[in-house]
Amino acid sequence: MKKFLAINHEFVARSYILFPTLLFAFSIIAHANVITFVWPFIFVYTVEKVMPFILDGHLNLASWSGVTKFCSLVAFVGGIFACVGIYFRFEWLASTAAILIGFGVTGLKLLGDPNKEVAGINFKRVNIIAGLSVIGGLLALGFLLMKTPLVVGFIFYTVILGLEVLYAYIVVKREKAPLNLKFSFNLKTAFPALAVLVVVFIISFFKKTGRISDFSWVLIILAILGIILELRNIFGQPFKLFRIWLGAIKNYVIIYTLLFAFQQNKVYWIFIVFIELMACGMLTGFLNHRLQKIDLGIRYKATLGVLFLGLFLTYTDRTYLVGTAVTVLSSLLLGKWVKIQAPDDDNSIDQKLSVFGSLCNQVALFGMLEVISFFKLDNKSALLIPYIDHQQELQYSREMFYLRVSMILLFIITGIFVIFHDRKYLFASNSQK
């Protein structure tokens, strides 16, 4: 029982963004071109992205037990609210649920891994089984979402969150300590979180409604500058810009696939890409062990070449999914090596860099989408309409191709810059592991 619950915890932690995002994305339904349940998706996505900046390490406490219980209960209550809200079509309840689930599961992810402290658990084996379980769970969730009423998918996920509560109360047993989250607010420390909140909220709203004003773009630019000021002390450190670039690429694979798959009536592509993400995450550990004998500089050069090849393969529909798999695997390997070579001083830095890379990609992607839509289709949100309204007859294949090529070129250009920035670490001839 303990091992099963430990695997379930790894399942929840690994899929902390994947499952809630998919569930609330599928809850957006267009009836006579009227969009419903937009806000729950916006809230869950926003909370997941903002949490690393809000908590900023506050969950790394001496007592994991109390925090694990708290976050698991919050997520489970959110799951129950989501089931009721989706079934009875109460958007306000589903929105509340999205906030609770986003807070709970992201908190569990940021907390670390209590399984490392639990006696009698083979951590490596649990990780492998959990990775396979996420892939299996993704397939099961995809089947439920496409073949059964939407609430069944939420019930499926809520059961998983319920098992996480059992894990927190049965498996995680450490010395008793008060739950002291010490949330303090002052403008200087809160500004980065508020800036991230502004960017994520505006982009999420645009992504689901196609509505954005010039004033909103001004707010996005100001918020991005604010985030840069927050991260300025780490930009000069080895590989920080490089990791932001890698995070942007991984986010691009997900977001562009979402847009393209809905537009081309290829929803199954979404599940394939998410399976690729999980499978590549598992394969990274295997390959990293096998590649240790190769000089680190050679590894970097070869893997960067493969990464650019993967981006090039996404150029055409026929090799798109192959290209996404190659791109994701290469980026994960590079990310693993750079974190080993230049460890973070703070546990929250990795999450912050990932979020910032994600935001940079989405600002560039949707900015480019608006430009292409305006000049080619005379409507700056035209390329979003098939995705928003689920109108697959509006495919705009040529314009989406322009968008894809533009983003590939952007990643190549920015990649050259960040590689040049970290060249003395990337191309040093040494055997450091």
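The name recorded for the protein in an unreviewed UniProt entry is MFS transporter, from Limosilactobacillus caviae.

Draft legend 1. Region of interest: the overall build of the protein. From N to C terminus, the protein includes 17 helices and 2 strands. Out of the 433 residues in the protein, the part that is buried amounts to 54%. For the protein, contacts bridging at least 24 residues in sequence account for 82% of all contacts bridging at least 6. Of the roughly 19000 Å² of accessible surface on the protein, a fraction of 67% belongs to carbon and sulfur atoms.

Draft legend 2. Spotlight on the environment of F201. Position of F201 among the secondary structure elements: in helix α8 (residues 187-209). Linking F201 and V47, residues 154 residues apart in sequence, is a C-alpha distance of 9.3 Å. Ignoring any residue separated from it by four or fewer positions in sequence, one finds F201 in contact with W39, I42, F43 and T46.

Draft legend 3. Expanded view of the environment of T284. Tracing the backbone shows T284 in helix α11 (residues 268-291). Spatially, the C-alpha atoms of T284 and S330 are 8.6 Å apart, while their sequence positions differ by 46 residues. The contact partners of T284, leaving out residues within four places of it in the chain, are L329, L332, L333 and K336.

Draft legend 4. How the structure looks around empty space enclosed by the protein. Inspection of the entire model under this criterion finds 2 cavities of 30 Å³ or more. There is about 30 Å³ of room inside the second largest cavity. Taken together, V253, I254, T257, L258, I270, V273 and F274 form the lining of the second largest cavity. Every element with two or more residues in the lining of the second largest cavity is listed here: α10 (240-263) and α11. Of the residues assigned to the lining of the second largest cavity, the class counts are 6 nonpolar, 1 polar and no charged.

Draft legend 5. Structural context of the confidence of the model for the protein. Of the residues in the protein, 81% reach a pLDDT of 70 or more, and the chain-wide mean stands at 80. Note on residues 30-34: pLDDT is under 50 here. Beyond four places in sequence and across chains, it has 5 contacts.

Draft legend 6. Local environment of the side chain of E399. Position of E399 among the secondary structure elements: in helix α16 (residues 397-421). R398 is the oppositely charged side chain nearest to the buried, salt-bridge-free E399, at an N-O distance of 5.9 Å. Setting aside chain neighbours within four positions, we find E399 in contact with I372, K376, L377 and L383.

Draft legend 7. Broad picture of unusual backbone geometry. Even without glycine at this site, R89 takes up a positive phi of about 65 degrees. For R89, the location among the structural elements is in the loop between α4 (64-88) and α5 (91-111). Judged by relative accessible area, R89 falls into the partly exposed class, the value being 38%. Positive phi, close to 70 degrees, is recorded for F239, a residue that is not glycine. Relative to the helices and strands, F239 is located in the loop between α9 (214-235) and α10.

Draft legend 8. Summary view of the pattern of salt bridges. Applying the stated criterion across every chain, the model contains 1 salt bridge. Put simply, R404 and D317 hold a salt bridge, and the shortest N to O gap is 2.9 Å. One end of the pair, R404, is in helix α16; the other, D317, is in the loop between α12 (296-313) and α13 (320-341), with 87 residues separating them in the sequence. Overall, R404 belongs to the buried group, its relative accessible area being 1%.

Draft legend 9. Region of the structure containing the packing of aromatic side chains. Under the definition given, this model contains 23 aromatic pairs. For the pair F260 and W269, a centre-to-centre distance of 5.6 Å together with 35 degrees between the ring planes defines the contact as tilted. W269 sits in the buried class, given a relative accessible area of 5%. Judged by centre distance (6.3 Å) and plane angle (35 degrees), the ring pair of F260 and Y320 falls under tilted.

Draft legend 10. Expanded view of the packing of helix α2 (residues 18-26) against helix α7 (residues 150-171). Axis separation between α2 and α7 bottoms out at 10 Å; the angle between their running directions is 165 degrees. It follows from the interaxial angle that α2 and α7 lie roughly antiparallel. As α2 packs across α7, the resulting crossing turns out to be left-handed. Counting all contacts with α2, which are made through F19, P20, L23, F24 and F26, the residues of α7 involved are L150, G153, F154, F156 and Y157. Among the residues forming the contact of α2 with α7, the class breakdown is 9 nonpolar, 1 polar and no charged.

Draft legend 11. Region of interest: a nonpolar patch on the surface. On the surface, a cluster of nonpolar side chains totalling about 790 Å² of accessible area is made up of V77, I80, F81, V84, Y87, F88, F90 and W92. Tallying contributions element by element places α4 first for the nonpolar patch, with 6 residues. Inspection of the secondary structure puts F81 in helix α4.

Draft legend 12. How the structure looks around the nonpolar core. Grouped together as the largest cluster of nonpolar side chains are 113 residues, with contacts concentrated most on F242 and W245. Here the element with the most residues in this core is α10; it accounts for 16 residues. Dropping the residues within four chain positions of it, F242 is found in contact with L304, L334, V338, V418, I419, D422 and L426. In this structure, L5, A6, L163 and Y167 belong to the second largest nonpolar core, which totals 9 residues.

Cut-off values and rules
- Residues numbered from 1 in each chain as written.
- Predicted model: local features only at pLDDT ≥ 70, side-chain atom pairs only at ≥ 80, totals over all residues.
- Heavy atoms only, no water.
- Helix = DSSP H or I, 4+ residues; strand = E, 2+ residues; numbered from the N terminus.
- Buried < 20%, exposed > 50% of the residue type's maximum accessible area, 1.4 Å probe, protein only.
- Contact = heavy atoms within 4.5 Å.
- Areas by Shrake-Rupley, 256 points an atom, 1.4 Å probe, with all protein chains shown as cover.
- 1 Å grid on protein atoms, 1.4 Å probe; cavity = no way out; pocket = protein on both sides within 12 Å on 5 of 7 lines; lining within 4 Å.
- Points joined across faces, edges and corners; volume = space filled by probe spheres on them.
- Nonpolar A, V, L, I, M, F, W, Y, C, P; charged D, E, K, R; others polar.
- pLDDT = per-residue confidence, 0-100.
- Lys, Arg positive; Asp, Glu negative; His and termini not counted.
- Salt bridge = Lys/Arg side-chain N within 4 Å of Asp/Glu carboxyl O.
- Phe/Tyr/Trp six-rings, centres within 6.5 Å; stacked < 30°, edge-to-face > 60°.
- Axes fitted to C-alpha atoms, helices over the stretch in contact; angles between N-to-C directions.
- Parallel < 35°, antiparallel > 145°, perpendicular 65-115°, else oblique.
- Left-handed = near helix turned anticlockwise from the far one by under 90°.
- Patch = residues over 30% accessible without salt bridge, like charges linked within 9 Å, V, L, I, M, F, W, Y side chains within 5 Å.
- Core = buried A, V, L, I, M, F, W, Y, C linked by side-chain atoms within 4.5 Å.

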